[in-house]
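Residue strings, one per chain:
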Amino acid sequence: MPRTSQRSAAVPEQLGFAGMPERLFVCTPSRLGAYADCPRRYRYSYVDRPSPQKGPPWAHNSLGASVHTALKNWYALPVARRGTDALPALLKATWVREGYRDVDQERITYRKALGWLETYVAGLDPEQEPLGVERVVATKTGVLAFNGRADRIDSRAGEAVIVDYKTGRSGLDADDARGSQALALYAYAAQRVFRRPCRRVELHHLPSGTVAAHEHTEESLARQVTRAEDTARDIMAAEKAIAAGADPDAEFPTNPGTLCGWCDFRRTCPAGAEVQGKEPWSAVEHLERAG
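Residues numbered from 1 in each chain as written. Predicted model: local features only at pLDDT ≥ 70, side-chain atom pairs only at ≥ 80, totals over all residues. Heavy atoms only, no water.

A. The overall build of the protein chain, seen in detail. A count of helices and strands for the protein chain gives eleven helices and six strands. Taking the principal axes of its C-alpha atoms as reference, the protein chain extends roughly 60 × 50 × 30 Å. The burial tally for the protein chain puts 44% of its 291 residues in the buried class. Intrachain contacts of the protein chain at a sequence separation of at least 6 include 70% that bridge at least 24 residues. For the protein chain, the distance from the average site of its 39 positive side-chain charges to the average site of its 37 negative ones is 3 Å. (Helix = DSSP H or I, 4+ residues; strand = E, 2+ residues; numbered from the N terminus. Buried < 20%, exposed > 50% of the residue type's maximum accessible area, 1.4 Å probe, protein only. Contact = heavy atoms within 4.5 Å. Lys, Arg positive; Asp, Glu negative; His and termini not counted. Charge placed at Lys NZ, Arg CZ, Asp CG, Glu CD.)

B. Up close: unusual backbone geometry. In this model, R49 is joined to P50 through a cis peptide bond whose omega is 0°. Summarising the element assignment, P50 is placed in the loop between α2 (39-47) and α3 (59-76). You will see that E134, though not glycine, has its phi angle at about 50°, which is positive. By the element assignment, E134 lies in strand β2 (residues 132-140).

C. The domain arrangement of the protein chain, seen in detail. By the assigned domains, the protein chain splits into domain 1 (25-55 + 226-286), domain 2 (59-123) and domain 3 (130-216). Between domain 1 and domain 3, the C-alpha centre-to-centre distance is 24 Å. Taking both sides of the interface into account, the surface hidden between domain 1 and domain 3 amounts to around 1100 Å²; carbon and sulfur atoms contribute 62%. Run the count over domain 1 and domain 3 and you get zero salt bridges. The interface formed by domain 1 and domain 3 contains five residue pairs in polar contact (both at pLDDT 80 or more). Only β1 (25-27), α1 (29-37) and α8 (218-243) provide two or more residues apiece to the side of domain 1 that touches domain 3. By residue class, the composition of the side of domain 1 that touches domain 3 is eight nonpolar, two polar and three charged. (Domains from an automatic or database assignment. Buried area = accessible area lost by both parts, 1.4 Å probe. Salt bridge = Lys/Arg side-chain N within 4 Å of Asp/Glu carboxyl O. Polar contact = N/O pair within 3.5 Å; in protein donor to acceptor, adjacent residues only side chain to side chain. Nonpolar A, V, L, I, M, F, W, Y, C, P; charged D, E, K, R; others polar.)

D. Just the environment of R196, in detail. Position of R196 among the secondary structure elements: in the loop between α7 (181-194) and β5 (200-205). Spatially, the C-alpha atoms of R196 and S155 are 9.7 Å apart, while their sequence positions differ by 41 residues. Ignoring anything within four residues of it in the chain, the contact list for R196 reads L131, S155, G158, E159, A160 and Q191.

E. Representation of the packing of α3 against helix α5 (residues 103-122) within the structure. Packing of α3 against α5 brings their axes to within 11 Å, and their N-to-C directions diverge by 35°. In the packing of α3 onto α5, the handedness of the crossing is right-handed. Counting all contacts with α3, which are made through L63, V67, A70, L71 and W74, the residues of α5 involved are T109, A113, W116, L117, Y120 and V121. Residue composition of the contact of α3 with α5, by class: ten nonpolar, one polar and no charged. (Axes fitted to C-alpha atoms, helices over the stretch in contact; angles between N-to-C directions. Left-handed = near helix turned anticlockwise from the far one by under 90°.)

F. Summary view of α3. Compared with an ideal rise of 1.5 Å per residue, which puts 18 residues at 26 Å, α3 spans 26 Å between its outermost C-alpha atoms and is within 8% of the ideal. Within α3, the full set of buried residues consists of A59, S62, L63, G64, S66, V67, H68, A70, L71, W74 and Y75. Contact partners of the buried residues in α3: α4 (87-94), α5, β2, β3 (144-156), β4 (159-166) and α11 (286-289). (Expected span 1.5 Å × (residues − 1).)

Okay, structure coming up:
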C-alpha cells in the first residue's frame, strides 16, 4: 500500500524537560487486543484520521450488545421484579436489529437469545447485589493508564470476582479464562478500586450455560500487566516513528490470517482484500439450524 500521509495521524512530539516521566499510554482491553490481533487494524482504528470506512455492522455484535444490555437492565430492576418474566420486555427494548440477513433470521436469533437469558437468569439469586454491573474500573502503572468496563463484578466471601458474558458459538474452557488479558486487567484494576482481593475471573457462556473460570495469583496478574505494558511500548514506539517520518505501513504491519474475513477494514487493507469476506450474519447462521 502506498504511504498516505494525509490519512495517517501525526502523533505530536511531546515537549518536556529532563527528568520528566514518559506519558502514560491510555488504553482499554479492546485497544490492546486490536494491536495484538493485527497492528494494521489498530492503525486504521486509532491512528489514521480520518479512519478508513468500516464495513457493515455484524449481526453477532448486535446479538451480544442486546444480551449484555438486557442483563444490565435486569439488575437495575427492583429485587421483587428480577425474574424470568421480565426478560421478554427487557430484551425487546434493548434489541439491536443491525446485521441480520432478513427478518426471519433476526426473529430466530431473538428467540434463541431470550431462551439463553431465561435459563441463565433462573440460576441467579435476585437478592444478590453485585459490586458493579457494566462497571468501569481503572488503574495506572508506570506505563499504562488503563480503564475498562466489566460486565459484572461479584462479591463472594470478601473478594471481588470478574464475570464476563459470552454469546459466541464456541464453548469456552479454563484456558480461555486463564489466557484472557482483558479479564486479568479487570481483576488487577478491581483490586485497587474496591480495595479487596480479586483473583477469580469467569467467562459465562450463555448459549451452553457453562462457566469457564480461573484463579489468578498476584504473579499471574503481574505477568498479564507486563504483557500489556510491552504492547503499549510497541504502539508508542510505532506512533513516535511515524511522527518522525517513518512509513506507517512498516510500523503497523498486517497480520494476515483467518481473522481477516471478519475485519471491519478488510476492503481497505491489501492483505484483507485477498481474503474471502464473511457475510455480516455469518456468525449467527448456525442458530437457524439449531434445535
